[in-house]
Structure formats: structure tokens, C-alpha cells
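Descriptive analysis of the structure
What follows is the residue order along each chain.
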Amino acid sequence: MFNQTTTLKDNKINFRKWKVKDKKKFISIIKEEKAPSLITDALVYDCLEKPEIPYSADELKYLLLQIRKETIGDELEYQFECSSCLESYDYTAKISEIFKEEYSKDKLISAKDISFEMGNIRNKQYYLDTIEQCPDEETKYLADFMFHVSKINDNDAFTFDKLYDIIQDLDVNIEKEIFTQWDKIRFTVNDVHTVECPFCGNQELLQFDDLPEFFPTNWFE
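Below, the structure is looked at part by part. Throughout this document, residue positions are counted from 1 along each chain, in the order its sequence is written. Per-residue local features are limited, in this predicted model, to residues with pLDDT of at least 70; the limit for side-chain atom pairs, both in listing and counting, is 80 or more; totals at the level of whole chains, interfaces and linings are taken over all residues. The basis for every side-chain value is the complete set of non-hydrogen atoms in the structure, without hydrogens or water.

1. As for the pattern of salt bridges
When a carboxyl oxygen of Asp or Glu is within 4 Å of a side-chain nitrogen of Lys or Arg, the pair counts as a salt bridge. Following the criterion strictly, the structure yields 11 salt bridges and no others. The closest approach of N and O atoms between K9 and E59, which form a salt bridge, is 2.8 Å. Remark: E59 occurs in helix 3 (residues 57-71) and K9 occurs in the loop between strand 1 (4-8) and strand 2 (11-15); sequence separation between them is 50 residues. Here the term buried applies to any residue with accessible area under 20% of the maximum for its type, exposed to any over 50%, and partly exposed to those in between, with areas from a 1.4 Å probe on protein chains only. Residue class for K9 comes out partly exposed when judged on its relative accessible area of 24%. A network of salt bridges, in which partner residues are shared, links D58, D183 and R186. Segments assigned H or I by DSSP are reported as helices when at least four residues long, segments assigned E as strands when at least two residues long, and all are numbered from the N terminus.

2. Structural notes on helix 1 (residues 20-31)
The end-to-end C-alpha distance of helix 1 is 17 Å, a good match for the 16 Å that 12 residues give at a rise of 1.5 Å each. D22, F26, I27 and I29 are the residues of helix 1 that are buried. Buried positions in helix 1, seen along its axis, are confined to an arc of 160 degrees and lie on one side of it. More than 90 degrees from the buried face of helix 1, the exposed residues found are V20, K21, K24 and K31. Contacts are assigned to residue pairs that have any heavy atoms within 4.5 Å of one another. Structurally, helix 1 contributes buried residues whose contacts are with helix 2 (36-43). Positive phi shows up at E33, right after helix 1, with a value of about 50 degrees. An expected span of 1.5 Å times one less than the residue number is assigned to each helix. The arc in question is formed by the directions pointing from the helix axis toward the C-beta atoms.

3. Considerations on the nonpolar core
Side-chain atoms within 4.5 Å link the members of a nonpolar core, which is a set of buried Ala, Val, Leu, Ile, Met, Phe, Trp, Tyr and Cys residues. Of all hydrophobic cores here, the largest spans 43 residues; its most connected members are W18, L48, Y55, F80, Y91, F99 and F208. Secondary structure elements with two or more residues in this core: strand 2, helix 1, helix 3, strand 3 (75-81), strand 4 (88-94), helix 4 (95-98), helix 5 (124-133) and helix 6 (137-148). Sorting elements by how many residues they give to this core places helix 3 first, with 5 residues. Apart from the residues within four sequence positions on either side, Y91 is in contact with L76, E77, Y78, F80, I98, H193, T194, V195 and F208.

Everything listed here is a matter of coordinates, which is why it stays silent on function.
This is the structure we're talking about:
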């Protein structure tokens, strides 16, 4: 049943394509304006062979892209305007070429007299519930970092509240150094790709942060 395979941080993940029941569940969640985490369940976790393993938002985005690629297709259609000749042109982007995973195998973050050993998220539902309740991206970013901390100064006996207090008590320059290191090792999806204008040959780096027709229009009819 889970006969599709991808890799995430060198780990093999088995999944299946979207089925009619997944589409119906997704549409129902959209129409009834239910919690966004339910969409994640319907389109990602329900399709994984091991849905009990928790993933960060960027990891889920990457898995969503892989499932879409295998179910509907690898291509997304865009229209761009060249920054040089100002001509508009159509561009076919391939998910397999545009979106790349970036991460480091380093686990230790340290600055001055504090260190954090980073690991995997351990409590899937607590993580999802917490992220969903965050009021803005800055808060989500902090929460995601905290859920990845497995040790503080080589000590794994700490509470979530204690970790929060430790972070809040950091000197601002130490905090900046900690999160600069975190940005270098955490998993992200690189969606910046070089595109060449078919009229003048001008090449420019574009960010593919929009996903047009990611879900077919007929899903919503």
C-alpha cells in the first residue's frame, strides 16, 4: 500500500499517493474551516507508513511536495515577467528540480557557557497543538527550536517551561549566536531556483514560494 519512497535527512520514508478519501477529507476540512493541523493529517500523516513520527513544518512541506509529485505530477505552471526585457513568459517548474532539502548533521549549538544538543521532535501531538496556537511566525520559530532541544549543557532533565525561561534569560548577543547556528543546521526547503528568460536569455534567481494549481481546480467543483 505504501509503495512510494522518498528520503528525508537521509531517512527512507514510505508513503502512498492521495486517494479519493483523502481528497474528500481535505475538502471537508476546508469547507468547515477546521483546524489546519487536520489538513496536515489528511494530506501527509494519513499517507505515511509511520504516521506516529512527528515532523517539523518544513519537513511536512517537503513530504507534501513529494506526495503531490507522485499523485498529480511533477510540474507546476508559472508566469513570470523578465526583469531585463520586461517580457512575460510561461515557465514549467518541476517539483523534483526546484525544491531541495537543506540541513546539517551537526547537533550541537553552543555560545559562551551554554549549549543545546538538538534532536528529533518527541511528542507529535503536543508539537502540532503548540505550533497551531502560536500567534505569529516568530513564536512558531521559537517553539520549533524548543521542541528540537534534547539536552541543555548535556542535561536532558528539563521541562518545556524551564527551557523557555533559560532562553528568555539569555543575553541578546548570545541568543543571536544560538539562533544563527540553528538556522545553519535546521531542516529547510530551498525554493530558490535560477530561471532563464526565453526572449533575452537573462537569468535570475526566483523564489517559488507560491504553488499555483497545487491542487487541481476540479477538486473544488
